[in-house]
Amino acid sequence: MSLWLILVISVTVSAGVWLLLSRDLFRIMMGLAVLSMAVNTLVFYAGRPGSIIAPVIESGHQVLSTDAANPLSQALVLTAIVIGFALLCFSLVLAAMVSYKKQSANLQILQESEPQSAADSKHSKPPIMETE
Amino acid sequence: MLQNRLTTLMSVGLIGYAMAVLFLFSGAPDLAFTQFTVETVLVVIAVALLPFFGKQSLQTPQLAWPVRTLVALIAGAGTFLLLLTMLGAPEHSELKVWFSENALTQANGHNVVNVILVDFRALDTLGEIAVVAFSLLAALPLLKGLYTSEHRHAEGSLFIARAMKPLYILMLFAAAWILLRGHNDPGGGFIGGLTAATASSLVALTQSPQLAIKLLPLRPIKMAMVGLVLALGAGFIGLLTNTVFMAHSGNGIFSTVMLFDVGVFLVVWGSFSGFVIHLLSPVTPLKPLQAEEERQ
């Protein structure tokens, strides 16, 4: 079970990095989503899952039974999911705004349309799209 | 492979659902519900944003695929080794034991995950919901700049249109129930808020974003700010009565814990429904981009 889980997390990380290395801005955002999911699962895994009993104290008991899952890693991951999602939403809107303004989601075109500093201007190509 | 952006998005959504199922069978219902709702809202938001990314050029020069694949594989292999090392290390369960023993005796809650979130680590959660609320605040000016001429909402399914309102009310009741039971059973402010945001997205998608705003108690950004103030207020009540910020008092529904969780609920609901509603509604345009280009 745990070896399979490790394999699944590793493959998800690979998929996320592969998407991140894309030239398409939307793909990159999706890579961010996949990578954050993988990292969430990694943190969750650090709490050593293995029990299927939710960490809820049964009525009549004073303490959580030792069979229950680790509550700490769950609390950490729960906030991580929500905060990661909020930042992903913001990045998506930002990326959409940039591609809409430049009429392209291609990272190379976006890079070339950046205003250039004097130092690296002779090494790179001239901007193909004027900034406003 | 996967040239289509929509296909990519759907695959990412499926990965998310798979993770949720994994959580569900690892004794983490709270995480599973959060992941399910987050993934749903993510797909709605990403689809609403798809038109702004423009046409995808198939001739996009990619990074040489062997390099790309190699880097991805190295990252995966590194993670694999890291996790194997972690598996070999001894488990430190002192914190788990501490939280398990003190959740009910000190914090009066049966759901240990929720107790950690709203009581033991409440200050951390407060900072976190502030980030969630401010992400909408930061995105609002950007959202105003995105302009769509066409109304984009689904038409056709009479059944969904008719069933929308009862379904919306039902989902809000479910969200409130999840919020109220959260301290003792799986649930809580985060999951409740995300469920309510899903309900708002449903209205915005099937009817109109304007109706979705009308059905909200407040405008989304106001709701997020009110939630933040409520959560802060819960902290200050603790400061006044127990001389410690975020020291909770009271019991059951009438406690500062519940006040704090309601704050979390409102922040999450307001922020994410704000993203969806503002994305789907053609906002008052600054100026269409085409006209601007013609002038130049």
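Going by the structure above, here's the rest.
Our subject in this report is the structure included herewith. If you're wondering where the values come from, they're calculated on a predicted model, not measured in any experiment.

### Focus: the packing of aromatic side chains
So, step 1. Counted according to the given criterion, the structure contains nine aromatic pairs over all chains.
So, step 2. Ring centres of Phe85(A) and Phe272(B) lie 4.6 Å apart, and the angle between their planes is 45°; on these two criteria the pair is classed as tilted. Highlighted residues: Phe85(A) in helix α3 (residues 71-102) and Phe272(B) in helix α11 (residues 256-280), drawn from two different chains. A single burial state applies to Phe85(A) and to Phe272(B), both of which are buried.
So, step 3. Their ring planes at 40° and their centres at 5.5 Å tell us that Tyr17(B) and Phe36(B) sit as a pair that is tilted. A residue pair is termed long-range when its members are at least 10 positions apart, and Tyr17(B) in helix α1 (residues 5-24) and Phe36(B) in helix α2 (residues 29-49) qualify at 19 residues.
So, step 4. Overall, the relative accessible area of 30% leaves Tyr17(B) in the partly exposed class.
So, step 5. Overall, the relative accessible area of 27% leaves Phe36(B) in the partly exposed class.

### Focus on the interface of chain A and chain B
So, step 1. Every contact between the two is made by 80 residues of chain A and, on the other side, 90 residues of chain B.
So, step 2. With both sides pooled, the region where chain A packs onto chain B buries about 7,700 Å², and carbon together with sulfur makes up 75% of that total.
So, step 3. Our count for the contact surface shared by chain A and chain B stands at one salt bridge.
So, step 4. Close ionic contact of Asp24(A) with Arg5(B) constitutes a salt bridge, the shortest N to O distance being 2.8 Å.
So, step 5. If you look at where chain A meets chain B, you find 13 residue pairs in polar contact (both at pLDDT 80 or more).
So, step 6. Only α1 (2-20), α2 (25-46) and α3 of chain A provide two or more residues apiece to the side of chain A that touches chain B.
So, step 7. The dominant element in the side of chain A that touches chain B, judged by the number of residues it contributes, is α3(A), at 26 residues.
So, step 8. Residue composition of the side of chain A that touches chain B, grouped by class: 54 nonpolar, 19 polar and seven charged.

Conventions adopted
Residues numbered from 1 in each chain as written. Chains lettered and ligands numbered in written order. Predicted model: local features only at pLDDT ≥ 70, side-chain atom pairs only at ≥ 80, totals over all residues. Heavy atoms only, no water. Phe/Tyr/Trp six-rings, centres within 6.5 Å; stacked < 30°, edge-to-face > 60°. Helix = DSSP H or I, 4+ residues; strand = E, 2+ residues; numbered from the N terminus. Buried < 20%, exposed > 50% of the residue type's maximum accessible area, 1.4 Å probe, protein only. Contact = heavy atoms within 4.5 Å. Buried area = accessible area lost by both parts, 1.4 Å probe. Salt bridge = Lys/Arg side-chain N within 4 Å of Asp/Glu carboxyl O. Polar contact = N/O pair within 3.5 Å; in protein donor to acceptor, adjacent residues only side chain to side chain. Nonpolar A, V, L, I, M, F, W, Y, C, P; charged D, E, K, R; others polar.

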